[in-house]
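Each chain, letter by letter, is given below.
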Amino acid sequence: MRLRRSAAVVLAAGLLLTGVPACSPEPIVVIPSVTRSVGVAPLVVGTPAAPDGTNPTEGALLAHVYAAALNAAGVNAVVSPADPADGTLLDKLEAGTVDIAPGYSRVLLAAAAAKGSTAVPDAATTAQVLDALKKELPQSLAVLDAAKAEDSDSIAVTTVTAEKYQLKTIADLAKVCDKLAFGGSAEFRLAERGLSALGSDYNCVPKSYVQLPNTKNELLLALIRDDVQVADIHSSSPAIPDNALVVLTDPKHLFLPQNVVPVVLAAKVPADVQGVLNKVSGALSTDELVNLNRLAAGSNKTSLDAVARSWLVQKGLVKANN
C-alpha cells in the first residue's frame, strides 16, 4: 500500500484555500481604539511547544493564526519563537515578555498546578480542566474561550489491519497485540499514559516497539508499509483522514483530549482584542486544526503567516484583500 498524498491531498488543500464556508462567521473588523500607531509596542504572541507526537510546527501555526487575526483587526502583533525552557509560556506571560499564549488545556493546567503543588485529577472533563486552569493561574492572566479543537494521542491502524484482525477498539487489540509491531515516539514509550498503560489498562503488550520521529512522516510511512501495524498518531494529524486510517476507540479513556485555549496578560490585552482571539477560537474545530496542519505540510515554500491568513480567509474571518 502506498502513501496517498498526491491528487487528493492537493485537491483538498486547494479547496481549503478557495472554498467559501456555507455559514460564514461574522468577519473580523478593525478596532479603532487599538489600530496600529507609531511608537506603540506590538502585542507578542508566544509559540507554545506542541505536545509530543503532533506536527512539530503546530504550536507555531496556532501562534501565527492568532497573530494574523489581530493584525487584520488593526492590532500590531508579532510572533515570538518557541522557548524550550518554557513550553507553556506561563513564565513569560507572568514576566510580561509575552502577551498572548495559545496553549493546550491539560498541559497548561499541569504546569500551573505544579507551581502551586496541586494535584490534577486525571479523569477531569474538558470543562473541569478549564475551570481548574482559571483557578490555578494568577489574577494577572486571563483564560479566553477554548476552541473546540482537541489534540490527543490516538491508536491508529490501516484499514487492512483493522479488517484482518477485526479491530474497532483498543480493547480488541488484546487478543492479537503480541503479533503486532507498535510504532511511536521515544516519549510515548516512557509516558505514564503511553506504552506501559496500554499493557496495564488494555492488556496489550506488542510484539515490538519501533521508535520513530514525527518530522518527515517516518511513522506514517512505516504504518502504510506494514513495517509496524499499530501507531500512535495524534488526532490533529491529516495523516488519519488522508490515508483512511482507522482510529481505534478508547473505551477506558486512557488518552485524554485537550483543547486549544489562549491565555493572555489581562492588562495588555483589552476586551475588544480578546474578542478577536475568541472569534478565532470559535472557528477552530478539530477538523480545522487538521486542515491547518495539512495546509502547513503542503506549503513548504510558504510562510506560516501566509498559511494562517489563508485559513482565516477560508473561514470567512478575514477578507482576501485585507
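One structure accompanies this document, and this report is about it. What you see is a predicted model, and the numbers here were worked out from it, not measured in a lab. (Residues numbered from 1 in each chain as written. Predicted model: local features only at pLDDT ≥ 70, side-chain atom pairs only at ≥ 80, totals over all residues. Heavy atoms only, no water.)

## Looking at the overall build of the chain
Item 1. Helix and strand counts for the chain stand at 13 helices and 11 strands.
Item 2. Per-residue burial for the chain yields a buried fraction of 48% across its 322 residues. (Helix = DSSP H or I, 4+ residues; strand = E, 2+ residues; numbered from the N terminus. Buried < 20%, exposed > 50% of the residue type's maximum accessible area, 1.4 Å probe, protein only.)

## Concerning the state of the cysteines
When the sulfur atoms of two cysteines share a covalent bond, that bond is a disulfide.
Item 1. For the coordinates displayed, the defined rule picks out 1 disulfide.
Item 2. Between the sulfur atoms of Cys177 and its disulfide partner Cys204 the distance amounts to 2.0 Å. Looking down the S-S bond of the Cys177 and Cys204 bridge, the torsion is 55 degrees, so its handedness is right-handed. On the criterion of sequence distance, the pair formed by Cys177 in the loop between helix H6 (159-165) and strand E7 (181-184) and Cys204 in the loop between helix H8 (195-202) and strand E8 (208-211) is long-range, its members being 27 residues apart.
Item 3. On the basis of relative accessibility, which here comes to 3%, the residue Cys177 falls in the buried class. (Disulfide = S-S within 2.5 Å.)

## Structural notes on unusual backbone geometry
Item 1. The backbone of Gln166 sits at a positive phi, close to 55 degrees, despite the residue not being glycine.
Item 2. Secondary-structure assignment places Gln166 in the loop between H6 and E7.
Item 3. We note that Asn203 has phi near 55 degrees; this positive angle belongs to a residue other than glycine.
Item 4. Mapped onto the elements of the fold, Asn203 is located in the loop between H8 and E8.

## Here's the deal with the packing of helix H12 (residues 286-297) against helix H13 (residues 304-314)
Item 1. It is at 10 Å that the axes of H12 and H13 come closest, and there the two elements cross at 140 degrees. Between H12 and H13, the angle falls in the class oblique. Crossing of H12 against H13: the hand is right-handed. Here Glu288, Leu292, Leu295 and Ala296 of H12 come into contact with H13, specifically with Leu304, Val307, Trp311 and Gln314.
Item 2. A class-by-class count of the residues in the contact of H12 with H13 yields 6 nonpolar, 1 polar and 1 charged. (Axes fitted to C-alpha atoms, helices over the stretch in contact; angles between N-to-C directions. Parallel < 35°, antiparallel > 145°, perpendicular 65-115°, else oblique. Left-handed = near helix turned anticlockwise from the far one by under 90°. Contact = heavy atoms within 4.5 Å. Nonpolar A, V, L, I, M, F, W, Y, C, P; charged D, E, K, R; others polar.)

## Some words on H12
At 3.6 residues per turn, the α-helix brings residues three or four places apart onto the same side.
Item 1. Taking 1.5 Å as the rise per residue, H12 with 12 residues should run 16 Å; its terminal C-alpha atoms sit 17 Å apart, in good agreement.
Item 2. For H12, a buried count of 9 out of 12 residues is recorded, marking the element as mostly surrounded by other parts of the structure.
Item 3. Buried within H12 are the following residues: Glu288, Leu289, Val290, Asn291, Leu292, Asn293, Arg294, Leu295 and Ala296. (Expected span 1.5 Å × (residues − 1).)

## With respect to the environment of Leu256
Item 1. With respect to the helices, strands and loops of the structure, Leu256 is situated in the loop between strand E10 (246-247) and strand E11 (258-265).
Item 2. Taking relative accessible area as the criterion, Leu256 reaches 21% and is therefore assigned partly exposed.
Item 3. Leu256 sits 63 residues away from Arg193 along the chain, and the two C-alpha atoms are 9.0 Å apart.

## Overview of the side chain of Glu288
Item 1. The residue Glu288 is located in helix H12 in this model.
Item 2. For Glu288, the contacting residues outside a window of four places in its chain are Ala283, Trp311, Gln314 and Lys315.

## Remarks on the nonpolar core
Item 1. Formed by 42 residues in total, the largest nonpolar core has its most connected members in Leu70, Val260, Leu284, Trp311 and Leu312.
Item 2. Elements that contribute at least two residues to this core include exactly strand E1 (43-46), helix H2 (58-72), strand E3 (100-104), E11, helix H11 (271-283), H12 and H13.
Item 3. Here this core gets 10 residues from one element, more than from any other, and that element is H2.
Item 4. Grouped together as the second largest cluster of nonpolar side chains are 22 residues, Tyr165, Ala197, Leu198 and Cys204 included. (Core = buried A, V, L, I, M, F, W, Y, C linked by side-chain atoms within 4.5 Å.)

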